[in-house]
Structure formats: C-alpha cells, structure tokens
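These are the residues of each chain, in order.
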Amino acid sequence: MIDFQKKWMRKAIRLSIKSVESGGGPFGAVIVRDGKEIASGANRVTKMLDPTAHAEIVAIRKAAGKLKDFNLSGCEIYTSCEPCPMCLSAIYWARIDKIYYANTKKDAQDIGFDDSFIYRQLELPEDKRMIPVVKLLRDEAVEAFEIWREKEDKTEY
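Ordered by their spatial adjacency, four strands build an open sheet running β2-β1-β3-β4, and the pairing between neighbours is mixed. Either end of the sheet is taken by a strand with one partner, and the two such strands are β2 (36–42) and β4 (98–103). Adjacent strand axes in the sheet meet at a mean angle of 15 degrees when their direction is disregarded. When strand β1 (residues 28–33) meets β2, the two strands line up antiparallel, connected through six bridges. For Gly28, the partnering residue across the bridge sits in β2 and is Ala42. Sheet strands in contact with helix α3 (residues 55–67) are β1, β2 and β3 (75–81), and its direction is about 140 degrees off that of β2.

With 13 residues, helix α7 (residues 138–150) should cover 18 Å at 1.5 Å per step; its first-to-last C-alpha distance of 18 Å lies within 8% of that length. Counted residue by residue, α7 has one buried out of 13 residues, so it is predominantly exposed.

The next subject is the packing of α3 against helix α4 (residues 85–94). To describe two helices that pack against each other, one gives the angle between their axes and the distance between the axes. Close contact between α3 and α4 brings their axes to 9 Å; oriented N to C, the two are set at 25 degrees. Put simply, α3 runs roughly parallel to α4. For the pair α3 and α4, the crossing hand works out as left-handed. Across from Glu56, Ile57 and Ile60 in α3, the residues of α4 making contact are Met86, Cys87, Ala90, Ile91 and Ala94. Across the contact of α3 with α4, the residue classes break down as seven nonpolar, no polar and one charged.

If you walk through the whole model with that rule in mind, you get four aromatic pairs. Ring geometry for Phe27 versus Phe113: centroids 4.9 Å apart, planes at 90 degrees, classification edge-to-face. With a gap of 86 residues between them, Phe27 in the loop between α1 (3–21) and β1 and Phe113 in the loop between α5 (105–110) and α6 (116–123) connect regions that are remote in the sequence. Judged by centre distance (4.4 Å) and plane angle (0 degrees), the rings of Tyr78 and Tyr100 are stacked. Separated by 22 residues along the polypeptide, Tyr78 in strand β3 and Tyr100 in strand β4 bring together distant segments of the chain. Under the relative-accessibility criterion, Tyr78 is labelled buried at 0%.

With that out of the way, let us pick up the pattern of salt bridges. Considering all chains together, one arrives at four salt bridges under this definition. Of the charged contacts, one joins Lys11 and Glu37 as a salt bridge, the two residues approaching to 2.7 Å between their closest N and O atoms. Of this pair, Lys11 sits in helix α1 while Glu37 sits in strand β2, and the two are 26 residues apart along the sequence. Across the pair Arg61 and Asp50 runs a salt bridge, and its minimum N-O distance is 3.8 Å. A residue pair is termed long-range when its members are at least 10 positions apart, and Arg61 in helix α3 and Asp50 in the loop between α2 (45–48) and α3 qualify at eleven residues.

Take the environment of Trp8 next. With respect to the helices and strands, Trp8 occurs in helix α1. On the accessibility criterion, Trp8 (6% relative accessible area) is buried. On a C-alpha basis, the gap between Trp8 and Ala53 in space is 20 Å, while along the polypeptide they are 45 residues apart. Look past the residues within four positions of Trp8 in its chain and what remains in contact with it is Val30, Val32, Gly35, Lys36, Glu37 and Tyr78.

Basis of the calculations
Residues numbered from 1 in each chain as written. Predicted model: local features only at pLDDT ≥ 70, side-chain atom pairs only at ≥ 80, totals over all residues. Heavy atoms only, no water. Pairing = 2+ DSSP bridges. Helix = DSSP H or I, 4+ residues; strand = E, 2+ residues; numbered from the N terminus. Axes fitted to C-alpha atoms, helices over the stretch in contact; angles between N-to-C directions. Contact = heavy atoms within 4.5 Å. Expected span 1.5 Å × (residues − 1). Buried < 20%, exposed > 50% of the residue type's maximum accessible area, 1.4 Å probe, protein only. Parallel < 35°, antiparallel > 145°, perpendicular 65-115°, else oblique. Left-handed = near helix turned anticlockwise from the far one by under 90°. Nonpolar A, V, L, I, M, F, W, Y, C, P; charged D, E, K, R; others polar. Phe/Tyr/Trp six-rings, centres within 6.5 Å; stacked < 30°, edge-to-face > 60°. Salt bridge = Lys/Arg side-chain N within 4 Å of Asp/Glu carboxyl O.

What follows is the structure, given as structure tokens:
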C-alpha cells in the first residue's frame, strides 16, 4: 500500500476514534480526489438523530456540496469500516471509483453493528420480509415516470 493511501486511512480511523470519544458511533470516512481531501465525515447518527448519518453518507454529502456535483467520479473513499448496505449503495450512486476500508463487516458485527439481516431481507420475496411491503397506486405514480421518459432537457444520473 502506498504511503498516501495509509495517510487517508489513518485520518478515517482518527475520525472514527474521535466520534466514539464525542458520543458517536465508531466510524469515519474521507473522500479524496487527485491526492487531495475533498471531504470527510464521522458517524453522526445519535448526534443528528438521523439513521442515515453514517460516516460515508456524511462525507458524500459534503463532497457533493463542495464539488457542486452529485457525480463523484474520480474520487476514492477511505472508510474505517467496510461499508454497510446503505453506504455501499450511496457509494455506487455517487460513482466513487474505489473503496478502501479497515475494519470488516465481521468486526462491526462483533461489537453490535450487524447488517447481515439486511442482506438476508433483500433476498426474500416482499411478502416474507420483516417490514411489510405494500404496492399502492402504481397506476397513478407511473405518470411521473412517463413524464421523465419524454422529458428532453432532463439531467440523467
């Protein structure tokens, strides 16, 4: 591993430690482009009372705001732990080029952050999932999709 990669991972780890010390969860993330930090984030779930305020999501939101672009192609993310399903999805949607992580899913599971049930839920048919899923008013909702399909000046993402 190259020294600058270790530098960014060590920053993500420091952020995770500071997060724990200030009452947050043990997670930190740094987004880098061309060897320069674009944004960083620590877990803010309990501080913001926001279940989506994971370190990676916080960093992605900051990076997109700083770059004034939802497309973070050309960026890499250094995260103190292997991303959960939500964060992994956000990383893909943001089009981040590469993920570096330190702690594993198993390490997180061992301290009470177990995402395995989410992966299992996604494999189940909707009628077998823990949270009921009900399709409602599709015939009305599809209008927005039809308008989108025909719109010529849309910003695709």
